[in-house]
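Analysis of the macromolecular model
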Amino acid sequence: MAVLEIPYSPHPKQAQVHSSPARFKVIAAGRRFGKTVLAVNELIKHAVSNPATKDKLTPRSWYVCDTYTHAEMIAWREIQRFLPPELIKRKLNKSLLIELKNGHLIELKGAEEPDRLRGVGLCFVVLDEFGFMRPEAWTDVIRPMLLDTQGGALFIGTPSADGSPHFHDLFKLGQGADSDYSSWLFYTRDNPHIPASEVDKAKKELSPDVFRREFEADFSVAHGLVYDNFRYSIHCIPDYTPSPNDVIVGSIDPGLRNPTAALLAAWTPENECILFKEYYQKEKLADDNAREIKKLVGHEKVAYWVIDRASLKRDPSSGFTVFNNYLEHLKPLVTAPNDKGSVLLGINEVKKLFHVDPRVNRPRIFISRSLTHFVWEIGRYTWYKYARHVERNEKEEPRKLNDHLMDCIRNMVLTKPWLRRRFPAFSHWNNQSGY
């Protein structure tokens, strides 16, 4: 019998996972540890060792990513890199499906809409970036699909901005609470192929909390986040197209050396805010940014735009203001409130939108997943921590880092856009919010 050669030599930490007999394996690991390579080869091992037989249904294994795009761009390429061609019977690029000569099917899926994953039985499944998936993708959908086969699963990922509580719960099961589970915590520097100097450089450049989460897979660094009730699995939705009954509002945070940021939000008759477009651009003049933002709007009718009050400052040489530049292209345009305490007031009102109302089991704000800059910022927008003891009781302030789109949503909420339409639902929300 010919020896099958796979172009993969696991480093010591990866080998620990491969050698474990656990049915469910949970790996929290820093960026570039080698999670995807490990997972792909674990899946190939299960597919090769579970051939089809006459007395059972077609065996199949899935590689599930947080999005279908990630499955296609990352996992599909890696599987073809490591799976020997002589094992492949057929390959369907459009369906992301590979049938092996032993009859085993390998399929790649996205977890954006977990209910669409229901159906077949599975021998093995990888859930890549599990911390960014909805918890029910595992509990309600995929876990029952392993019952008749008594199949296994591999969970991999880096904790998301909210600490990924569902991912953390599974990780804790693997620390001894459940004999079916084993879990491992790996750092980026555990990968011997990553130069230590690069990790050290990142540690100097990044804030401590971001470094610990992204390079050390620390579940606890959600502490200190301004919007600590943001949950990717709850608040992030597929792309949204506004309806004619929505009130569209835009918000701009202008910058030059810092990025210029803008948000478009649809305020629905059901009393919900849906962020559906964003703009994020460095080193452009105000007039150029205004033109680009107007292009982004497209055919949408914007009820009004709100811009940071600092835009009213005049250029001493020209006498013009940034506000005037934007006003030529985006109308009507108003400035954001800038009263004493408006920053904290705005933050508190945005946090209320993220709160899940137990009566309807829904929050009041949703973010299209395509708003990658917004999602990136909200996971890194933290409270300022005083370096020294302060004698007086100082109010907390957010750090002026990762805040451009955060300023946009705060300034928008301070203008109370829900009052633009007198629906009973909006009146109820006004009373509930204390307006």
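Look a little higher up for the structure.
Describing the pattern of salt bridges
- A full pass over the atoms with the stated rule returns 24 salt bridges.
- Of the charged contacts in the structure, one is a salt bridge between Lys 45 and Glu 42, with a shortest N-O distance of 3.4 Å. Placement of both Lys 45 and Glu 42 in helix H2 (residues 35-48) is noted, with a separation of three residues, approximately one turn of the helix.
- Given a relative accessible area of 40%, Lys 45 falls into the partly exposed group.
- Asp 115 serves as the salt-bridge partner of Arg 118, at 3.0 Å between the closest nitrogen and oxygen.
- With relative accessibility at 54%, the residue Asp 115 sits in the exposed group.
- Counted as one network, the salt bridges with shared partners bring together Lys 25, Glu 42 and Lys 45.

Regarding empty space enclosed by the protein
- As enumerated under the stated definition, the model contains one cavity of 30 Å³ or more in all.
- The volume enclosed by the largest cavity comes to roughly 50 Å³.
- Looking at the largest cavity, the residues that line it are Asp 66, Ala 111, Glu 112, Phe 132, Met 133, Arg 134, Tyr 232, Ser 233, Cys 236 and Arg 369.
- Considering only residue class, the lining of the largest cavity consists of five nonpolar, one polar and four charged.

Quick word on the nonpolar core
- Judged by nonpolar contacts, the single largest core of 35 residues is most densely connected at Tyr 227, Leu 263, Trp 267, Leu 275, Phe 374 and Ile 409.
- For this core, the secondary structure elements donating two or more residues are strand S10 (247-253), strand S11 (260-267), strand S12 (273-281), strand S13 (302-307), helix H11 (342-354), strand S15 (365-368), helix H12 (372-378) and helix H13 (404-414).
- Among the elements that take part in this core, H13 stands out by supplying six residues, more than any other.
- Excluding its chain neighbours within four sequence positions, the residues that come into contact with Tyr 227 are Ile 347, Val 350, Lys 351, Phe 354, Ile 378, Tyr 381 and Met 406.
- Counting residues in hydrophobic clusters, the runner-up holds 33 residues, among them Leu 38, Trp 76, Phe 124 and Ile 156.

A closer look at H13
- Burial within H13 is extensive, with eleven of its eleven residues counted as buried.
- Taken as a whole, H13 has its buried residues at His 404, Leu 405, Met 406, Asp 407, Cys 408, Ile 409, Arg 410, Asn 411, Met 412, Val 413 and Leu 414.
- In the segment just after H13, Lys 416 is the residue with positive phi, at about 55°.

Considering the pairing of strand S5 (residues 105-110)
- Burial analysis of S5 places five of its six residues in the buried class, the great majority of the element.
- Examined bridge by bridge, strand S2 (residues 60-65) and S5 share six bridges and lie parallel to one another. The residue bridging Cys 65 from the neighbouring strand is Gly 110, located in S5.

So, the sheet that holds strand S7 (residues 152-157)
- One open sheet holds the eight strands; their spatial order is S3-S4-S5-S2-S6-S7-S1-S8, and the pairing between them is mixed. One side of each edge strand has no neighbouring strand; the edge strands of this open sheet are strand S3 (88-92) and strand S8 (181-186). Mean inter-strand twist for the sheet, computed between neighbouring axes without regard to direction, equals 15°.
- Across five bridges, the pairing between strand S6 (residues 124-128) and S7 is parallel. In the sheet register, Leu 127 faces S7, and the bridge partner there is Phe 155.

Rules behind the numbers
- Residues numbered from 1 in each chain as written.
- Predicted model: local features only at pLDDT ≥ 70, side-chain atom pairs only at ≥ 80, totals over all residues.
- Heavy atoms only, no water.
- Salt bridge = Lys/Arg side-chain N within 4 Å of Asp/Glu carboxyl O.
- Helix = DSSP H or I, 4+ residues; strand = E, 2+ residues; numbered from the N terminus.
- Buried < 20%, exposed > 50% of the residue type's maximum accessible area, 1.4 Å probe, protein only.
- 1 Å grid on protein atoms, 1.4 Å probe; cavity = no way out; pocket = protein on both sides within 12 Å on 5 of 7 lines; lining within 4 Å.
- Points joined across faces, edges and corners; volume = space filled by probe spheres on them.
- Nonpolar A, V, L, I, M, F, W, Y, C, P; charged D, E, K, R; others polar.
- Core = buried A, V, L, I, M, F, W, Y, C linked by side-chain atoms within 4.5 Å.
- Contact = heavy atoms within 4.5 Å.
- Pairing = 2+ DSSP bridges.
- Axes fitted to C-alpha atoms, helices over the stretch in contact; angles between N-to-C directions.

As far as function goes, none of this settles anything; it's purely spatial.
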